[in-house]
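Structural overview
As a plain string of letters, each chain reads:
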Amino acid sequence: MSGLPPFEHTPIDTIPTTVNSIQASFLSHKTRQLDFRLVQLRKLYWGLKDNKDLIIEACKRDLGKSTFETYLTEVSWCMNDIVFMSKNLARFAKDEPAEDIALTNKFFGPRIRKDPLGTVLIIGAYNFPIQLSLGPLIGAISAGCTAVLKPSESSPNAAAIMQKIIAESLDPSCFTVIQGAIPETTALLDQKWDKIFYTGSATVGTIIAKKAAETLTPITLELGGRNPAIITKHADPKLAARRLLWAKTLNAGQVCVSQNFTLIDKEMVPAFLKEMKISLQEFYPQGAQKSPDYGRIVNLKQFQRLKKMLDESRGKIVLGGTMDESDLFIEPTVVQVDSLSDSLVAEESFGPLMPILPVTDLGEAIKIANQVHETPLGIYPFGNQQEMEKVLSQTRSGGASLNDGFFHASIPTLPFGGVGSSGQGAYRGKASFEVFTHRRSITKTPAWIEGMLDIRYPPYTLKKQQKFAGMNDLKPDFDREGRTIGWVAWLRGLFGMKGLAAVLVAAGIKLYLQRRSKL
Ligand SMILES: NC(=O)c1ccc[n+]([C@@H]2O[C@H](COP(=O)([O-])OP(=O)(O)OC[C@H]3O[C@@H](n4cnc5c(N)ncnc54)[C@H](O)[C@@H]3O)[C@@H](O)[C@H]2O)c1
Ligand SMILES: CC1=C(/C=C/C(C)=C/C=C/C(C)=C/C=C/C=C(C)/C=C/C=C(C)/C=C/C=C(\C)C=O)C(C)(C)CCC1
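Residues numbered from 1 in each chain as written. Chains lettered and ligands numbered in written order. Predicted model: local features only at pLDDT ≥ 70, side-chain atom pairs only at ≥ 80, totals over all residues. Heavy atoms only, no water.

As for the site of ligand 1
- Looking at ligand 1, there are 27 residues lining it, with Lys150, Glu153, Tyr198, Leu223 and Glu348 nearest.
- Within the backbone of Tyr126, one N or O atom sits 3.3 Å away from an oxygen atom of ligand 1.
- Here Glu222 contributes a backbone N or O atom positioned 3.4 Å from a nitrogen atom of ligand 1.
- Coverage of ligand 1 by the protein chains reaches 89% of its 830 Å² of free accessible surface.
- Taken together, domain 1 (14-223 + 430-440) and domain 2 (228-407) each give at least three residues to the shell around ligand 1, which thus spans both. (Near = heavy atom within 4 Å. Polar contact = N/O pair within 3.5 Å; in protein donor to acceptor, adjacent residues only side chain to side chain. Areas by Shrake-Rupley, 256 points an atom, 1.4 Å probe, with all protein chains shown as cover. Domains from an automatic or database assignment.)

Next comes the structure, spelled out in structure tokens:
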């Protein structure tokens, strides 16, 4: 008896009614109250704390995740997220004075109200089943939305324990879990949502985006990888090996942001492989399969997909390579490949396979990185400062870690998301609140100002137009060639100043600003 609840598909015919009632709760306005949101968040915190051991057990069963990794990346991750939100929510939710408002418009008190988007659907992925489902849910609760969560059916124990925690901790009229796979998700997508937040593959992301487009439903898509690491000849091979091995062994490489392939200067290959071997031995002295720290592939289907990728590779296995289907175990495996079309480079592995492709120089590495995936989720250059800056300035990606594998993604309050085909929208920290929030622009026109507003009403006259232009038109600080014009020309344009007067005033302003910046 583990105490883990069973995973049970939600009957499909109940889905429309459930969604209707969650929508009705949004329209009851109770989630708009800040106190209500805070209480929900705090109850979820205690629900997680009280069920910590069951979550650890669930992730062990679903993914062979170690207690350490489940604690770090799932339980403590979400609990910290809640404490952070609870401490900052009042600040995030407060009306903001609008930025960049001209003096004449200040009278109308322009401000930004943070409105909840409404009723949202959150669809989770299997690899970090708790974090990738509850992270967005914490954002939705904070923003004042009501929500339905559809966890991944591929991590059924984690899905079931989340359902229990949510049912016991949160207001069931506002937040609920629907369990299931494609049929249940399809039934959910047939409902009208105010936002869909999806984490998973680009293939399913496309299905979601098409469905959402039918009703102009906004979406956030957190999609997949094919992320490059780049090692130049100036990199430290020991650091690169250790850090990239970590990024591919956490959760047995089932991490959307881990490197999918490594482009390595050919001079560095022997040193890098030597250090990789040492690091692997240090991480798992008795071998990865015997280590309690190393996870398993989520299911047989994914195991066989990874095996096929390795079998079809024309590369040479230089480290690891053992597999055990009965245990869903795949050893951390480094394969030296010689072509971009190799099965290990062409597809996202989402497992502990580490192809390395030798290149002649950084220029070639950047060219290949851009060719394989124009906009990956992450990019990981190792080299000197100049080389890493060059990688940043000549590539695009959702995020980047210099001199590391996906460090940026392990900082919980840094906005996280893809770009282009690796996703759209970002969350975590304040961004989790914002992604479920509409920034509603508001003004209030005072009654007493009516006399001054006269110029906006017909009948229109040239005099009214000139008055409006005098008040409203901005003076350009650029000339007809697109060049920024200096202080002297700008003052001349602004005040009609002539020659020496403009030069003197400009010099005076410049001197004043220089002195102030020194203070
Ligand atoms: N960017 C991120 O934050 C992030 C995080 C984790 C995983 N991923 C990506 O997700 C992929 C692996 O995760 P996965 O296998 O759980 O993804 P997946 O796309 O197979 O499944 C994700 C979710 O979509 C649902 N789903 C699957 N097929 C569907 C269909 N035809 N119609 C409607 N819904 C459907 C599933 O039930 C599940 O809840 C990888 O590509 C990985 O890179 C991205
Ligand atoms: C201790 C001192 C210092 C600081 C040390 C620091 C900052 C150590 C950091 C350790 C880290 C970052 C450990 C790793 C944690 C890994 C985590 C949290 C992994 C998270 C994985 C995630 C979120 C996966 C996501 C997956 C997704 C989205 C898709 O699949 C100094 C340096 C300050 C000095 C004093 C001592």
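Alright, that's what it looks like, and here's the rest.
Concerning the packing of aromatic side chains
- Under the defined criterion, the tally for this structure stands at twelve aromatic pairs.
- For the ring pair Trp246 and Phe406, a centre distance of 4.8 Å and an interplane angle of 35° mean the geometry is tilted. Of this pair, Trp246 sits in helix H9 (residues 237-249) while Phe406 sits in the loop between strand E16 (399-400) and strand E17 (423-424), and the two are 160 residues apart along the sequence.
- Relative to Tyr294, the ring of Tyr284 lies with its centre 5.4 Å away and its plane at 70°, an arrangement referred to as edge-to-face. Highlighted residues: Tyr284 in the loop between helix H10 (269-283) and helix H11 (300-312) and Tyr294 in the loop between H10 and H11, separated in sequence by ten residues.
- Cluster of aromatic residues (ring-pair linked, three or more members): Phe197, Phe416, Tyr427 and Phe436.
- Lying over the aromatic face of Phe416, Arg428 brings its terminal NZ or CZ to 4.3 Å of the ring centre. (Phe/Tyr/Trp six-rings, centres within 6.5 Å; stacked < 30°, edge-to-face > 60°. Helix = DSSP H or I, 4+ residues; strand = E, 2+ residues; numbered from the N terminus. Lys NZ or Arg CZ within 6 Å of the ring centre and 35° of its normal.)

Points about unusual backbone geometry
- Cis rather than trans, the peptide bond between Pro458 and Pro459 has omega equal to 0°.
- As for its position among the elements, Pro459 is in the loop between strand E18 (437-442) and helix H16 (462-472).
- Notably, His29 is not glycine yet its phi reads approximately 70°, a positive angle.
- Relative to the elements of secondary structure, His29 occurs in the loop between helix H1 (15-27) and helix H2 (34-50).
- Even without a glycine there, the phi angle at Leu216 is positive, about 55°.
- Summarising the element assignment, Leu216 is placed in the loop between helix H8 (202-214) and strand E7 (219-222).

Details of the pairing of strand E14 (residues 353-359)
- Taken across its seven residues, E14 has six buried, putting it largely inside the fold.
- Of the strand pairs in this sheet, strand E9 (residues 259-265) and E14 are connected by four bridges, and their pairing is parallel. Paired with Thr262 across the bridge in E14 is Ile356.
- Inspection of the sheet shows strand E13 (residues 333-336) paired to E14 by four bridges, in the parallel sense. (Buried < 20%, exposed > 50% of the residue type's maximum accessible area, 1.4 Å probe, protein only. Pairing = 2+ DSSP bridges.)

Points about the packing of helix H13 (residues 362-372) against helix H14 (residues 385-394)
- Between H13 and H14, the least distance of the axes is 11 Å, while the angle of their chain directions is 30°. Between H13 and H14, the crossing angle belongs to the class labelled roughly parallel. At the point where H13 passes H14, the crossing takes the right-handed sense. Along its contact with H13, which presents Leu362, Ile366 and Asn370, the element H14 presents Glu387, Lys390, Val391 and Gln394.
- Taken together, the residues of the contact of H13 with H14 break down into three nonpolar, two polar and two charged. (Axes fitted to C-alpha atoms, helices over the stretch in contact; angles between N-to-C directions. Parallel < 35°, antiparallel > 145°, perpendicular 65-115°, else oblique. Left-handed = near helix turned anticlockwise from the far one by under 90°. Contact = heavy atoms within 4.5 Å. Nonpolar A, V, L, I, M, F, W, Y, C, P; charged D, E, K, R; others polar.)

With respect to the sheet that holds strand E1 (residues 96-97)
- If you walk across this open sheet you meet the three strands as E1-E2-E18, and the pairing is antiparallel. Only two strands of the sheet have a single neighbouring strand rather than two, namely E1 and E18.
- Relative to strand E2 (residues 111-116), E1 runs antiparallel, the two sharing two bridges. From the neighbouring strand, Glu96 faces E2, where its bridge partner is Ile112.

A look at the pairing of E2
- By the bridge criterion, six bridges tie E2 to E18 in an arrangement that is antiparallel. Looking at the pairing, Lys114 lines up with Arg439 of E18.

Points about the site of ligand 2
- In the vicinity of ligand 2 lie 15 residues, with Trp77, Asn127, Cys256, Phe407 and Ala409 positioned nearest.
- For ligand 2, an oxygen atom lies 2.8 Å from a polar atom in the backbone of Cys256.
- Counting residues per element, the ones that place at least two in the shell around ligand 2 are helix H4 (67-93) and helix H5 (131-143).
- Per-element tally for the shell around ligand 2: the top contributor is H4, with three residues.

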